[in-house]
Each structure stands twice: as C-alpha cells, then as structure tokens.
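# Remarks on the overall topology
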Amino acid sequence: MRVTVDQSRCQGHALCAMHAPDLFDLDDEGHSFVVADPVPDGLGEAAYEAEAGCPEEAITAEPRRPAHPGQARS
Amino acid sequence: MSAGTESSAPSAPVFCAAHLLDSWDERYPQAAFAELATATDPVRPDGTLVVAARQDMTEFLRHPAVRATDGVHFNLGGKRPLIPLDLDGETHRRYRGLLDPLFTPKQVARLEPAIRARTSALIDAFADTGSADLMPSLCGPLPTYLFIELLGLPATDLPVFLEFKEAVVRPVGATEEEQQANMRAAGDRMYDYLTAVLAQRRAEPPRDDLIGGFLTTELDGERLTDQEIVDICYLLVIAGLDTVTSSLSCLLAWFAEHPDERRQVVADPGSLPRVIEELMRFESPVPLGHRWVTEDIDIRGRHFPAGSKVEVIWAAANADPNAFDDPQTVDFARLHNAHVGFAAGPHRCLGSNLARLELRLAVEEFLRRIPDYEITPGEQVVYTNYGVRAAIRLPVTFPVAHG
C-alpha cells in the first residue's frame, strides 16, 4: 500500500501530520510529505483517514477502498 | 479570516445567508448553516453568489481564476492590500514562502512555556473567587498578550491592540458608511503605531522576535521595506487577536454546557488535539470569507461569471450533511474530519498552528486548574455571530480549591 501527497494541492493544514505522524511530516514551510513508503503494516487505516481528512484533497492512498459515507469526497 | 458579514436587509424570500443571519438562533447557528449547505446555488439578495456546500468548496478555492480581492476592495480597514491575505498568484506565494516557515507546528512549539505562563497568570487573578466572566478575564486578553510577546512589544501596549481589534472586527456606526469610516480610522491609528514601532526598532540592536526577524529576513535577496513589514504586522494583529479570542470563548462555553464531555477531556488531555479540531468544525468561529472570480468558470455544474464576488461560508461547509456524518453532533472520535474551520485553498489560515497551540494549551491549563465549572445559575452565555462567532459574555461559577 502507498500513500502520496500532491504538493501542488497541499496548503499546510497539517492535519495529516497531527493525526498520523508515522506517515507524514512537514517541511520547513509546513507542507506535508510522506515519511513511510510503502505504508507499514498496521497504518493502512491511518492512511485512509489522512486521505479522507485532508481539506485540500491532496492525499491519495492506494489501493482505493470503497467510499465511506462520511467522507468529504465527490 | 473574515471580512465580516455585511448586513444587507433581506427583501425577497431568497434562501441566503443574510436571511439566515436575521432569523437564526444566535446560540445555535449550526442548524441554519446546514440548511444553507444543502441549498442549490444559494445567493444573497444583493446578488452575491454563495458557496456553502463542502464538496464544492475545495475545487472552487483552488481554481486559479478565484482571487482574494478584485484589487480595489481590501479586507478589514486596510488602506493597502493586506499581506498576504489580499494578494494572489506568484506574489502571494512569495510572501507565504516567507511567512509560512514562521508558523509551522515546530516553530510555534517554542512558544509553549510562554503560553502556559500567561494563561496561568490570567487564571491566578480569578481562581480564588469562584466565578468569572471568561471573556474579559481570559479569552480576550490571552491572545493579545501572546501576540505582543511574539512581536516583541511592551505588554503595557495591550490596550492599543484590544481597542484596535474591537474597532475593526465589530465596527461602531449607525450606517455602513459610518462603520467603514470608523474602521478605517482605527486602521490608520494602527498603521501609525506600527510605523513608529518600526522606526524605534531599526534604531536598536536586533532582537530575536518576529519584528527582529522581519527586519533581517530577505525576500528574493532583498530586505523587506518598512511598508511591507507594517502591512504584514497589520494583518497579523487582526488575524491573530480576535480569532483566537473568539475560538477560545466558544470552546470554553461549550465545555461549560457539556459536563460529561468535559470530564472525558479532563481525564484524557491527550485527546485535546482531536477534540479541538472537532469543536473548530462545529463552532466554525470564522464563518465566512470572500473571493473574486476573474474569468468565467464552472465548478461542479455551477457557473461563476467573470467579475463575480463570492461569499464562501466555511461554517456552512462544516455543517454539511453530505460531507459529515451527523454534523450537528459533536463527536470527538469523528473520522474523516476534513473541516474548513481554518479556511482552505491558497489563503488557508497562516496562523492555524499557532491558534491550535494556544487553544490546546489554554484549554488544558484552564481544565487543569478549574476542571469543574458551569454557567453561573440564572445567567446564560451570550453569543455573537456578527463577523466572528464568539461567546461575548461567558459568566461561569466553580468550586474554589483550598490548600
């Protein structure tokens, strides 16, 4: 499993790094980057949570999983 | 940040924010916001287009034709474009590149001891009395004191800032023209104050604070001009003072009225970061912002003509039932909380990490000192939703710890 951050979309909300510090860190400008690739065992849910919790839709976790009804996704 | 809600009188029964502002329950605007989030293509009576659905917002905000200003109207009593709020495109990115590094979680973490100490000192003043109005005794002064420390200004200048932010955020005046004039007058006084401070600081040895940083930093190999520094500080004053004051008042009011949830947090302070995100979603203290569309665009089936002014209602998106499970319920275990309490897009709140830290530490310190409190019997919380949502009257009573 992989998780990626689209740098052209990230605006530095920092929620991913706050909730999943084992997967994301912030650069000097506060933008997110992935620190664990591939996603280690046991952090899959955290990766999906970060994807669904990103206000800029900048995070993608793959493989996809069926949409959760509470996701702010189109 | 918000430019405040403009109070145009609702004439037609159009589904719009202005109509809601006149009819909603000040204590509980979330219900009205949820209704707005599910309305089809809402507009204000004056024709301003409204973006309120969470699912439309992210795509709208990141469109390159969506701008912060039209180049004529600036936010919050500014006589020049506020840096970086009123800038766009490459110019905006350059300033954010300069400012963002000052407000990362790691940078602001250095302020933790100062925040705890100042919070503690403010609580000391009323902890033995068994009652307090938390707005004037804690929520109001705390962010202003911290901001003064951050900039490196004397604490005795506190009244200058309190007066300024009140005048700009809740301008006095019988008509909109009068309010605008009063806001601009307060803005002029703040520009003068900051210009004088800068002149003094240039004459002194450099210091390790924000102004010291601005005086020595370089943007594309050049030092910032006095005007740039004054403009940046002007925005930080507005953005940093009332928003945290208001947010903290909403949080402490909510905990006063929800004792079970408060006890959970007292028992597990480590849950506070997630709790604060959920309360920022639910309370959405900064309810809206404005954008201008520079060319004809279509977002998710809706047309925005070139030249449109658009009101983006963060508070509605945060209450959108199509984006959040049961949005009217505060759920500390909520997953998928892609809230826009700190706005979104290129103008996402610059100070959000500082705001989060101040809120977390202030709530933590308050609940450590006063874990058991309630709204004073016979009184109630008074909210305003004008400009920024805040508990402007927050009278609480609590048992006094002895020994």
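Residues numbered from 1 in each chain as written. Chains lettered and ligands numbered in written order. Predicted model: local features only at pLDDT ≥ 70, side-chain atom pairs only at ≥ 80, totals over all residues.

Residue and element names in this part refer to chain B. Remark: helix 14 (residues 272-283) packs on helix 16 (residues 352-369), axes separated minimally by 10 Å, with the N-to-C direction vectors making an angle of 115°. For the element pair helix 14 / helix 16, the angle class is roughly perpendicular. With respect to the hand of their crossing, helix 14 and helix 16 are arranged in right-handed fashion. Only Arg356, Leu359, Arg360, Val363 and Glu364 of helix 16 make contact with helix 14, whose side of the interface consists of Leu272, Pro273 and Ile276. (Axes fitted to C-alpha atoms, helices over the stretch in contact; angles between N-to-C directions. Helix = DSSP H or I, 4+ residues; strand = E, 2+ residues; numbered from the N terminus. Parallel < 35°, antiparallel > 145°, perpendicular 65-115°, else oblique. Left-handed = near helix turned anticlockwise from the far one by under 90°. Contact = placed C-beta atoms within 7 Å.)

In this section: the interface of chain B and chain A. For an interface, size is often stated in terms of accessible area lost upon the parts coming together. The partner chain A presents 23 residues to the 27 residues of chain B that form the contact. The set of elements that each furnish at least two residues to the side of chain B that touches chain A consists of helix 3 (54-61) and helix 16 of chain B.

In this section: the sheet that holds strand 10 (residues 374-375) of chain B. Residues and elements named next belong to chain B. Spatially, 3-13-10 is the arrangement adopted by the three strands of the open sheet, whose pairing is antiparallel. The open sheet terminates on both sides in strands that have one partner only, identified here as strand 3 (131-133) and strand 10. Note: strand 3 against strand 13 (residues 395-397), three bridges, orientation antiparallel. Along strand 13, the bridge assignment pairs Ser131 with Thr397. (Pairing = 2+ DSSP bridges.)

Before going further, it helps to examine the pairing of strand 9 (residues 309-312) of chain B. All names here are of chain B. With three bridges connecting them, strand 1 (residues 49-51) and strand 9 associate as parallel partners. Note that in strand 9 the partner of Val51 across the bridge is Val312. As paired elements, strand 6 (residues 289-293) and strand 9 share four bridges and run antiparallel to each other. In the sheet register, Arg291 faces strand 9, and the bridge partner there is Val310.

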